[in-house]
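Read off the chains here:
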Amino acid sequence: MARHDKAVTPWLVLGLPAALGLAWVTQGSGVVGNDPERNIVIPDTLTMPLQVQAAYNDERIFFRYRWPAEQAHVYHDMLRYEDGEWIRHGRSIPGPSPDGTYEDRVAMLVDDGGVPEFGRYGGYITAGDRMRFFSDSASPAEVAEHPRLGQEMGKSDVRKYLPATRRDQNDWRSVEDAEVLAAQREAGYFLDLWHWRAGRSNPIGASDDQWVGEYRNSDAGTGPYTTNWDKDNDRPQWMLDPEQVGQRALRWEDVVSGEVDFDGVYYLSEDNRTAFDPDHDWQNGDVIPRRLLRTPDGSRGSIAVHGQARWEDGYWDVTLVRDLDTDSPLDDKILEDQGVYDVGIAVYRNATGSRWHYVSLPYSLGLGREADFQATAFTGSAPEWDDAWFDITLFYPGQVDWPLLISQAHAGAEDIAQGTPVRARHSEEQLARYGVEMEFNDAITTRWWMILVAGLIAMLGVTLALLPGFRSTRQGDRS
């Protein structure tokens, strides 16, 4: 008869716990977790709704946006007095600002067909190699040394840019020559960027006007804000004018309370400022905005707020207006009746900035033409907004860039090469999940290798443990 080989016992005693331990290490501990040092902070919800309307008359076009937000964030970049120093709050950081000092925003990219990839893939094409706030973002020192972005333009990070502005899609440094970039812009290869900010533009009824080419550039002229800081003396340059508004500063407890009095004073502008008084008896918790709002001019001042953009009953309701023809064809997309245009919209809420926003897929807009949604023609000075809203689902894009999407690492790269639009293959929910997967791509890849190794070790241990049981133990007749 067969007998039990004592060699089985050590393998089972030692091998099975080792296999279970490896299984726990590779699977039980998980890989998903926020890591701000690597610019990984996942929002609580991955999608959100947005409602849009558009209308135009002979001269101007209006866009109306409505989206839910638990509260209004209008304070941005504030200076708080504490024990003799003015401390800055509201820098752009990974994820939401812990004290809520980051403004809500809505941004819209517009194209007239000059950037054909945009109508198929939307804002994905503007996310290039080593963008700021990606885990592998280019360092400020690297960018500062770049002859175009750093030395000529004075930039210290890599922001939105279009694919054809680079010779190599896997290298942000490979910027085309100035002559090529100028020719691209003349040919319409740029995106118009409408950029409304709840803190840095809305209080004075303005929006910012920018464009995306080899970088996220500002239109010609001056923008709706500048910096209120006296760097020689480490203090604000301006304060609120007490003769006009009855106070020199805001209070920190009011800034972080989450309550906003839109008819009160919550910003610093050219109309309510006066020179900073260093001899005033400043108290801990006094707050002066680090941004001074001013009336924009030139092409950069082409977009204005129509009516009052406010948060009420859990929703922002923002309407922007601009001339159809701004007379600035190198900065803006000129719009006209019977035109069809592509738009992509992004919303920033919950005190988040930079890439921690929600974006839309691209949609076509028709001015008297069939499209995904229509701009209503009207007569008079302002639309009545009688038509239904166009409902859009926005999603969190994660760390998905254009070089990745067109590489062999992306299963849909061949579809992109063939020009298949993203909306034909993916829903917003799928794209959001994919974006989160890419946030943890390195950790997931490492964990899968660990699982593979653990599985092989476990299989080897079980094999060695069971192998003696298959050996014959019968003593044969040797005579």
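The preceding data block contains the structure.
For the structure given in this document, a descriptive report is provided here. Since this is a predicted model, take the numbers as computed values, not measurements.

Comments concerning the overall build of the protein chain
Then, in step 1: Tallying secondary structure elements over the protein chain gives 11 helices and 22 strands in all.
Then, in step 2: Counting contacts in the protein chain only where the partners sit at least 6 residues apart, residues at least 24 apart contribute 75% of the total.
Then, in step 3: When the accessible surface of the protein chain is summed, it comes to about 23,600 Å², and 48% of that surface belongs to carbon and sulfur atoms.

What about the environment of Q53?
Then, in step 1: Summarising the element assignment, Q53 is placed in strand 1 (residues 47–56).
Then, in step 2: The sequence separation of Q53 and D387 amounts to 334 residues, and the corresponding C-alpha distance is 7.9 Å.
Then, in step 3: Filtering out sequence-adjacent residues up to four positions away, Q53 remains in contact with F62, F63, R64, W385, D387, A388 and W389.
Then, in step 4: Within polar-contact distance, the side chain of Q53 engages the backbone oxygen of D387 at 2.6 Å.

A look at a negative patch on the surface
Then, in step 1: Together, D58, E59, D323, D325, D327, E336 and D337 make up a region of like negative charge exposed at the surface.
Then, in step 2: Summarising the element assignment, E336 is placed in the loop between strand 17 (315–323) and strand 18 (340–348).

As for helix 10 (residues 428–439)
Then, in step 1: With 12 residues, helix 10 extends 17 Å between its outermost C-alpha atoms, agreeing within 8% with the 16 Å of an ideal straight helix rising 1.5 Å per residue.
Then, in step 2: The complete set of buried residues in helix 10 reads E428, L431, A432, G435, V436, M438 and E439. Buried residues of helix 10, seen end-on, are gathered within an arc of 160 degrees and therefore sit on one face of the element.

Things to note about the environment of L191
Then, in step 1: Residue placement: L191 occurs in strand 6 (residues 191–197).
Then, in step 2: With relative accessibility at 0%, the residue L191 sits in the buried group.
Then, in step 3: In the structure, L191 is positioned 152 residues away from V343 in sequence and 9.5 Å away in space, judged by C-alpha atoms.
Then, in step 4: Ignoring sequence-local partners within four residues, the contact set of L191 consists of L109, V110, D111, V115, F118, T126, L162, Q210, W211, V212 and K333.

A word on the nonpolar core
Then, in step 1: Y65, W67, W194, W196, W316 and L367 are the most contacted members of the largest nonpolar core, which totals 92 residues.
Then, in step 2: Looking at this core, the element that brings in the most residues is strand 18, giving six residues.
Then, in step 3: Aside from chain neighbours lying at most four places away, what touches Y65 is L50, Q51, V106, M108, W194, W316, D317, V318, L320 and I345.
Then, in step 4: If you look at the next biggest cluster of nonpolar residues, it comprises 11 residues, including F134, V143, W172 and L181.

Some words on the layout of surface pockets
Then, in step 1: Taken as a whole, the second largest pocket encloses approximately 420 Å³ of empty space.
Then, in step 2: Of the residues contributing to the lining of the second largest pocket, the split by class is nine nonpolar, seven polar and three charged.

Some words on the packing of aromatic side chains
Then, in step 1: Enumeration over the complete set of coordinates arrives at 20 aromatic pairs.
Then, in step 2: Ring centres of F63 and W194 lie 5.2 Å apart, and the angle between their planes is 80 degrees; this geometry places the pair in the edge-to-face category. Of the two residues, F63 is situated in strand 2 (residues 60–68) and W194 in strand 6; the sequence distance between them amounts to 131 residues.
Then, in step 3: On the basis of relative accessible area, F63 is assigned to the buried category, the value being 2%.
Then, in step 4: What makes W194 buried here is its relative accessible area of 1%.
Then, in step 5: Judged by centre distance (6.3 Å) and plane angle (40 degrees), the ring pair of Y124 and F395 falls under tilted. Placement of Y124 in the loop between helix 2 (118–121) and helix 3 (140–145) and of F395 in strand 22 (residues 390–395) is noted, with a sequence separation of 271 residues between them.
Then, in step 6: Classification of Y124 as buried rests on a relative accessible area of 9%.
Then, in step 7: We classify F395 as buried; its relative accessible area is 1%.

Rules used in this analysis
Residues numbered from 1 in each chain as written. Predicted model: local features only at pLDDT ≥ 70, side-chain atom pairs only at ≥ 80, totals over all residues. Heavy atoms only, no water. Helix = DSSP H or I, 4+ residues; strand = E, 2+ residues; numbered from the N terminus. Contact = heavy atoms within 4.5 Å. Areas by Shrake-Rupley, 256 points an atom, 1.4 Å probe, with all protein chains shown as cover. Polar contact = N/O pair within 3.5 Å; in protein donor to acceptor, adjacent residues only side chain to side chain. Patch = residues over 30% accessible without salt bridge, like charges linked within 9 Å, V, L, I, M, F, W, Y side chains within 5 Å. Salt bridge = Lys/Arg side-chain N within 4 Å of Asp/Glu carboxyl O. Lys, Arg positive; Asp, Glu negative; His and termini not counted. Charge placed at Lys NZ, Arg CZ, Asp CG, Glu CD. Expected span 1.5 Å × (residues − 1). Buried < 20%, exposed > 50% of the residue type's maximum accessible area, 1.4 Å probe, protein only. Arc of directions from axis to C-beta. Core = buried A, V, L, I, M, F, W, Y, C linked by side-chain atoms within 4.5 Å. 1 Å grid on protein atoms, 1.4 Å probe; cavity = no way out; pocket = protein on both sides within 12 Å on 5 of 7 lines; lining within 4 Å. Points joined across faces, edges and corners; volume = space filled by probe spheres on them. Nonpolar A, V, L, I, M, F, W, Y, C, P; charged D, E, K, R; others polar. Phe/Tyr/Trp six-rings, centres within 6.5 Å; stacked < 30°, edge-to-face > 60°.

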